[in-house]
Amino acid sequence: MNILKFTNVSMNYHTKRQETQALDNLSFHVERGEFCAMIGPSGCGKSTILSLAAGLLAPTAGKIERDGTSVGYMLQRDELFPWRTIEKNILLPLEIKKKNDKVARARALYLAEKYGLKDFLKSYPDQLSGGMRQRAALIRTLALSPDLLLLDEPFSALDYQTRLAVCDDVYRIIKSEEKTALLITHDIGEAISVADRIFVLSARPAHLKAEHKVGFESTTPPLKRRECEGFSKWFEILWKELNA
Amino acid sequence: MKKTISAAHAEFLKREKKRTVTIHLSRCFLLLFLLALWEVAAALNWVNPFITSSPSRIVKTIFSLSTGGNLLYHAGVTLLETLIGFFLSTLLGFLFALLLWWNPTARKITEPYIVVLNALPKIALGPLLIIWCGTGQKAILTMTVLVCIVIATMNLLGGFLSTDEGKILLLRSMGASKANILFKLVLPSSLSAFLSMLKINVGMAWIGSVMGEYIVSKAGLGYLIVYGGQVFKLDLVMSAIALLCLMATAMYAAIAALEKLLITNAGEK
């Protein structure tokens, strides 16, 4: 069952100097429970796709269907508000959606405790490590129980060591909460290590160049997948496709 | 909580402390030295005390005029004008900045006007103010607000507009309204811009009120300065300036204290 479906979506940007075609006839879908990754050359319009999927932009042409409207967005930087404690940061979406009742709060804080943020709830973001901050950002995204998670290169601002660990961490949490996710990244290895399916985009204007079912067990965490036999094979295939 | 520190660190702390003490002592010494030099120069007639006055004459003047009653009255008048002008211009500047942030078209439309108003020396409006507002405190307050408001608006608007785009996108993805974005993000993240605007505005408000008094007033320290200059009572001029120094510094220190309070409350680090 599709949770998100793009059908022949095109998107043009207008600036005073020019009109830019970001997407050209893009079609793809994400099924409920899947973890999909989207890779493409930098500047190909990946973030535009997420903005469209989140409903922040309207497409110039084509159709976008979302089954169940709630979407959680996770960005490159954690974007935690430095003047709020971690607890207040996690509860921010509830305040915005005016769902700040006891049940919702308890649920969000339960998630925070379950995933090891209990001791940090009263801390301010700059007292946390980069990995912990990104985890707090994920819990904030999950606070509204979204059906679909949109991940916009959420690990790219972290150093390599932290990045592998946080990727594992986020994957584990998303899987154990049984969420659907669409990750965009320019990191081929990252895409292979988390995704059930990978979409390869062309350079701008982006269209779908290829789609692969990677076929690792979804119980295999990202770090383990990097050691699997198929990993380097997939890496080679995707690398060639991106550079063709 | 007791912490053990190494000998090297203790040595470092000691040196730092010594340095701080030296700096503070030197500051006091410099002030005393300048005052003494001034006093001696006037007493020995190196300079003509009739035009330079001297610290002891200033103290004497302040003392005799404040027991006579009207120096404190004049200081009070100026202080009140400055405070009212400061709060009024801060409030209006905040409202304008808010409006211009909310409505980008209004921002574009008013941009050249704000540039011109900012560049215009407000003192040039003096004669107009006398005719429009009369020669009372209304004119002085108008002058104070005019001097302050453009800079207050521009500073605050700059703060509002420098809000992190990523955080705005995040809030929008949660379905936030513009009011949500304003109250949850733009205002709290503009706190430091607001505080630096207050600091600038304190200085501007004093400029405005004294300038206003130069043009129209019948009371206030600005009036005393003009009057003292006209009748060649330099003791009076210097006393009024000394009082202005004290009050302006006190007001700045109050804002700095407020800043410290708010910043430590915002994040106990």
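What counts, and at which threshold
- Residues numbered from 1 in each chain as written.
- Chains lettered and ligands numbered in written order.
- Predicted model: local features only at pLDDT ≥ 70, side-chain atom pairs only at ≥ 80, totals over all residues.
- Heavy atoms only, no water.
- Helix = DSSP H or I, 4+ residues; strand = E, 2+ residues; numbered from the N terminus.
- Rg over C-alpha atoms; globule rule 2.2 N^0.38 Å.
- Buried < 20%, exposed > 50% of the residue type's maximum accessible area, 1.4 Å probe, protein only.
- pLDDT = per-residue confidence, 0-100.
- Contact = heavy atoms within 4.5 Å.
- Pairing = 2+ DSSP bridges.
- Axes fitted to C-alpha atoms, helices over the stretch in contact; angles between N-to-C directions.
- Domains from an automatic or database assignment.
- Buried area = accessible area lost by both parts, 1.4 Å probe.
- Polar contact = N/O pair within 3.5 Å; in protein donor to acceptor, adjacent residues only side chain to side chain.
- Nonpolar A, V, L, I, M, F, W, Y, C, P; charged D, E, K, R; others polar.
- Salt bridge = Lys/Arg side-chain N within 4 Å of Asp/Glu carboxyl O.
- Parallel < 35°, antiparallel > 145°, perpendicular 65-115°, else oblique.
- Left-handed = near helix turned anticlockwise from the far one by under 90°.
- Core = buried A, V, L, I, M, F, W, Y, C linked by side-chain atoms within 4.5 Å.

Colleague: Got a minute to help me understand the overall build of chain B in this structure?
Modeller: Within chain B, the secondary structure is distributed over 12 helices and 0 strands. Element order for chain B, N to C, with α for helix and β for strand: α-α-α-α-α-α-α-α-α-α-α-α. Taken against the 2.2 N^0.38 rule, which gives 18 Å for 269 residues, the C-alpha radius of gyration of chain B at 24 Å runs more than 25% over that of a compact globule. When the backbone C-alpha atoms are referred to their principal axes, chain B occupies close to 75 × 70 × 30 Å. Burial statistics for chain B: of 269 residues in total, 35% are counted as buried.

Colleague: Explain the confidence of the model for chain A here, please?
Modeller: Should pLDDT be low for a region, the predicted coordinates there are not to be read in detail. Confidence in the prediction of chain A, expressed as mean pLDDT, is 87, and 99% of residues score 70 or more. When mean pLDDT is taken per element in chain A, helix H2 (residues 86-96) of chain A scores highest with 93 and helix H7 (residues 222-225) of chain A scores lowest with 85.

Colleague: Help me understand the environment of A:Asp168 in this model?
Modeller: Residue and element names in this part refer to chain A. Its location among the elements puts Asp168 in helix H5 (residues 160-176). Asp168 sits 81 residues away from Glu87 along the chain, and the two C-alpha atoms are 23 Å apart. The contact partners of Asp168, leaving out residues within four places of it in the chain, are Pro221, Pro222 and Leu223.

Colleague: Whenever I open this one, the sheet that holds strand E2 (residues 19-31) of chain A confuses me. Can you help?
Modeller: The strands that make up a sheet are held in pairs by hydrogen bonds between backbone atoms, and each pair lies either parallel or antiparallel. All names here are of chain A. Overall, antiparallel pairing links the 3 strands, which are arranged E2-E1-E4 in an open sheet. Of all strands in the sheet, those bounded by a partner on one side alone are E2 and strand E4 (61-66). Averaged over all pairs of adjacent strands, the angle between strand axes in this sheet comes to 20°, irrespective of strand direction. Relative to E4, strand E1 (residues 2-14) runs antiparallel, the two sharing 5 bridges.

Colleague: Hey, could you run me through the domain arrangement of chain B in this one?
Modeller: Size of an interface: often given as the accessible area lost when the parts come together. Residue and element names in this part refer to chain B. Under the domain assignment used here, chain B contains domain 1 (1-47) and domain 2 (50-268). Centre-to-centre separation of domain 1 and domain 2, based on C-alpha positions: 32 Å. In this assembly, 5 residues from domain 1 lie in contact with 7 residues from domain 2. Regarding the contact of domain 1 and domain 2, the summed buried area is about 480 Å², with carbon and sulfur atoms giving 68% of it. Inspection of the region where domain 1 meets domain 2 yields 3 residue pairs in polar contact (both at pLDDT 80 or more). A breakdown of the residues in the side of domain 1 that touches domain 2 according to their chemical character gives 4 nonpolar, no polar and 1 charged.

Colleague: How should I be thinking about the interface of chain A and chain B in this particular structure?
Modeller: Facing the 20 residues of chain A at the interface are 21 residues of chain B. For the chain A and chain B pair, buried surface summed over both sides reaches about 1,900 Å², with 64% attributable to carbon and sulfur atoms. The largest per-residue losses of area from chain A upon contact with chain B belong to A:Leu56, A:Trp83 and A:Ile96, which jointly make up 33% of the total buried on that side. One can count 3 salt bridges joining chain A with chain B. The shortest N-O distance in the salt bridge between A:Arg77 and B:Asp164 comes to 3.4 Å.

Colleague: Hey, could you run me through the packing of helix H4 (residues 70-102) of chain B against helix H7 (residues 137-161) of chain B in this one?
Modeller: Packed helices, taken two at a time, are described by their axes: the angle between them and the distance between them. Residues and elements named next belong to chain B. Where H4 contacts H7, the axes come no closer than 6 Å and their chain directions differ by 40°. Taken together, the axis directions place H4 and H7 in an arrangement best described as oblique. In this structure, H4 meets H7 at a crossing whose hand is right-handed. Partitioned by chemical class, the residues of the contact of H4 with H7 number 20 nonpolar, 6 polar and 1 charged.

Colleague: How should the nonpolar core be read in this particular structure?
Modeller: The nonpolar side chains of soluble globular proteins are, as a tendency, buried together. In terms of nonpolar packing, the biggest core is built from 73 residues, with A:Leu4, A:Phe6, A:Leu23, A:Phe28, A:Leu182, B:Leu171 and B:Leu221 touching the most fellow members. In terms of residue count, the dominant contributor to this core is helix H12 (residues 234-266) of chain B (9 residues). Those residues in contact with A:Leu4, other than ones at most four positions away along the chain, are A:Phe28, A:His29, A:Val30, A:Ala53, A:Ile64, A:Glu65, A:Arg66, A:Leu148 and A:Leu182.

Colleague: Which parts of the structure should I look at to understand the sheet that holds strand E8 (residues 197-201) of chain A?
Modeller: Residue and element names in this part refer to chain A. Read from one edge to the other, the open sheet built from 6 strands follows the order E5-E6-E7-E3-E8-E9, with strand pairing classed as mixed. What marks the edges here is a single partner per strand, and that holds for strand E5 (71-74) and strand E9 (208-213). Here the strands of the sheet are splayed against their neighbours by 15° on average, with no regard to which way each runs. Note: strand E3 (residues 35-39) against strand E7 (residues 180-185), 5 bridges, orientation parallel.

Colleague: Explain the environment of B:Ile241 to me, please; I cannot follow it from the model alone.
Modeller: All names here are of chain B. Assignment of secondary structure puts Ile241 in helix H12. Looking at Ile241, the relative accessible area reads 37%, which means it is partly exposed. Along the backbone, Ile241 and Leu224 are 17 residues apart, and their C-alpha atoms lie at a distance of 9.5 Å.

Colleague: Looking at this model, I keep getting lost on the confidence of the model for chain B. Mind explaining?
Modeller: Chain-level statistics for chain B give a pLDDT mean of 90 and a share of 97% at 70 or above. The ipTM assigned to the predicted complex is 0.86, against a pTM of 0.84.

Colleague: Help me understand the environment of A:Phe35 in this model?
Modeller: Residue and element names in this part refer to chain A. Secondary-structure assignment places Phe35 in strand E3. Judged by relative accessible area, which is 3%, Phe35 ranks as buried. Beyond its immediate chain neighbours, meaning those up to four positions away, Phe35 contacts Leu151, Tyr171, Ile174, Lys175, Ala181, Leu183, Val194, Ala195, Asp196 and Arg197.

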